[in-house]
Amino acid sequence: MKNTPHINPTADIAETILLPGDPLRAKFISEHFLTEAKQFNNVRGALGYTGLYDGKPLSVLGTGMGMPSMGIYSYELIQFYGVKNLIRIGSCGGIQESVDVRDIIFAMGASTSSSFERQYDLPGHFSCIASYELLSKAKAVADRLNINVHIGNVATNDTFYDDDDTYASRWAKMGILALEMETAALYMTAARFGAQALSILTVSDHVLKEENATAAERETSFTEMMEIALQLG
């Protein structure tokens, strides 16, 4: 039995897992895309399911919000359950004029304002990057499905409501496509333990244009990014 306080110790988890922030999005994916799906987790409301997609085992687990939560789940999945490929499917806030609500972003890199990397005691700053293998495969899938995507840098922050109302524009001047709260932790944890990771994000709101999708749309309608991620197993 695996020693983890956050995932059911007897969980049967595939080597490839999709990681939405919202546990209800995990439930939606299991019900609409997987066959023979079985729930493996409900600890702390983090719903997790394993089933088959196109005949191959695939898991999905809701991770909650923020780098600490993503750090916990990605660590345990890799270290205790042998997961090899971790694919975040989440929402983000666009900050470039070229990016619109409901667009899809592949996070090639993740800048961050977090101190998460301090635990590694590095002699400099770590560059958080996606797995090229997963990124190139995802781009090929998007091209085949005729889905337009943006590929570039996002910023992972610890705050959703930041006291500095200029922080978005200051990230934007460096070409950052969007703001979110989990990717840098996923990329650092995967790098530390030799796993593959990629964040596929749907723009749920635009910080500078003041546009947004509804909560219901966030939960169920971001199907294009789900369809891309499902084919990376």
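That block above? That's the structure.
What counts as what
Residues numbered from 1 in each chain as written. Predicted model: local features only at pLDDT ≥ 70, side-chain atom pairs only at ≥ 80, totals over all residues. Heavy atoms only, no water. Pairing = 2+ DSSP bridges. Helix = DSSP H or I, 4+ residues; strand = E, 2+ residues; numbered from the N terminus. Axes fitted to C-alpha atoms, helices over the stretch in contact; angles between N-to-C directions. Parallel < 35°, antiparallel > 145°, perpendicular 65-115°, else oblique. Left-handed = near helix turned anticlockwise from the far one by under 90°. Contact = heavy atoms within 4.5 Å. Buried < 20%, exposed > 50% of the residue type's maximum accessible area, 1.4 Å probe, protein only. Polar contact = N/O pair within 3.5 Å; in protein donor to acceptor, adjacent residues only side chain to side chain. 1 Å grid on protein atoms, 1.4 Å probe; cavity = no way out; pocket = protein on both sides within 12 Å on 5 of 7 lines; lining within 4 Å. Points joined across faces, edges and corners; volume = space filled by probe spheres on them. Nonpolar A, V, L, I, M, F, W, Y, C, P; charged D, E, K, R; others polar. Phe/Tyr/Trp six-rings, centres within 6.5 Å; stacked < 30°, edge-to-face > 60°.

**Q** An account of the pairing of strand β3 (residues 48-53) is needed here, citing residue identities and associated values.
**A** As paired strands, strand β2 (residues 35-41) and β3 are joined by four bridges and run antiparallel to one another. By the bridge assignment, Gln39 is partnered in β3 with Tyr49. Turn length for the β2-β3 hairpin, with the two strands adjacent in sequence and antiparallel, is six residues, and the turn residue Arg44 shows positive phi of about 55°. Linking two consecutive strands that pair antiparallel, namely β3 and strand β4 (residues 56-61), is a turn of two residues; a positive phi of about 55° is found at Asp54 within it.

**Q** Please provide a residue-by-residue account of the packing of helix α2 (residues 67-81) against helix α5 (residues 183-193), values included.
**A** Direction vectors running N to C along α2 and α5 enclose 30°, while the axes themselves pass 8 Å from each other. The pairing of α2 with α5 is recorded here as roughly parallel in orientation. With respect to the hand of their crossing, α2 and α5 are arranged in right-handed fashion. Along the contact surface, α2 presents Met67, Met70, Gly71, Ser74, Tyr75, Ile78 and Gln79, while α5 presents Ala184, Ala185, Leu186, Met188, Thr189, Ala190 and Phe193.

**Q** Lay out the side chain of His206 with the relevant residues and their values.
**A** For His206, the location among the structural elements is in strand β9 (residues 196-206). Residue class for His206 comes out buried when judged on its relative accessible area of 2%. A polar atom in the side chain of His206 sits 3.4 Å from the backbone oxygen of Gly94. Not counting chain neighbours up to four residues away, the residues in contact with His206 comprise Gly94, Ile95, Gln96, Glu97, Val99, Val101 and Glu211.

**Q** Tell me about the layout of surface pockets, residues and numbers included.
**A** Volume-wise, the second largest pocket comes out at about 200 Å³. Taken together, Asn8, Thr10, Ala11, Asp12, Glu36, Lys38, Gln39, Phe40, Thr50, Gly51, Leu52 and Pro57 form the lining of the second largest pocket. Elements with a contribution of two residues or more to the lining of the second largest pocket: β2 and β3. Examining the composition of the lining of the second largest pocket, we find that four residues originate from one element, β2, more than from any other. Taken together, the residues of the lining of the second largest pocket break down into four nonpolar, five polar and three charged.

**Q** Tell me about the pairing of β4, residues and numbers included.
**A** Bridge analysis of strand β1 (residues 16-19) against β4 gives two bridges, and the strand direction is parallel. The residue of β4 that forms the bridge with Leu18 is Val60. Sheet topology note: the β3/β4 ladder contains six bridges and is antiparallel. Bridge pairing in β4 places Leu52 opposite Pro57.

**Q** Kindly report on the environment of Val99, identifying the contributing residues and their values.
**A** The residue Val99 is located in the loop between β5 (85-94) and β6 (104-112) in this model. As for Val99 and Pro57, which are separated by 42 residues in sequence, their C-alpha atoms are 34 Å apart. Among residues more than four places away in sequence, those in contact with Val99 are Gly94, Ile105, His150, Leu177, Val203, His206 and Lys209.

**Q** With reference to specific residues and values, describe the packing of aromatic side chains.
**A** Centre distance and the angle of the planes are the two values used to describe a pair of aromatic rings. A full pass over the atoms with the stated rule returns four aromatic pairs. Ring geometry for Phe28 against Phe33: centres 6.4 Å apart, planes inclined by 70°, an arrangement best described as edge-to-face. The buried category is assigned to Phe28, whose relative accessible area is 13%. A centroid spacing of 6.2 Å and a plane angle of 75° characterise the contact between Tyr75 and Phe80, whose relative ring orientation is edge-to-face. By relative accessible area, which is 36% here, Tyr75 ends up partly exposed. You can call Phe80 partly exposed: its relative accessible area is 31%. Among the aromatic side chains, those forming a connected cluster through ring pairs are Tyr75, Phe80 and Phe193.

**Q** Describe in detail unusual backbone geometry, supporting the description with residues and values.
**A** One non-glycine residue, Asp121, lies in positive phi territory at about 50°. Along the chain, Asp121 turns up in the loop between β6 and α3 (132-144). Residue Asp121 is classed as exposed on the basis of its relative accessible area of 68%. Backbone geometry places Asn146, a non-glycine residue, at a positive phi of 60°. Within the fold, Asn146 resides in the loop between α3 and β7 (149-156).

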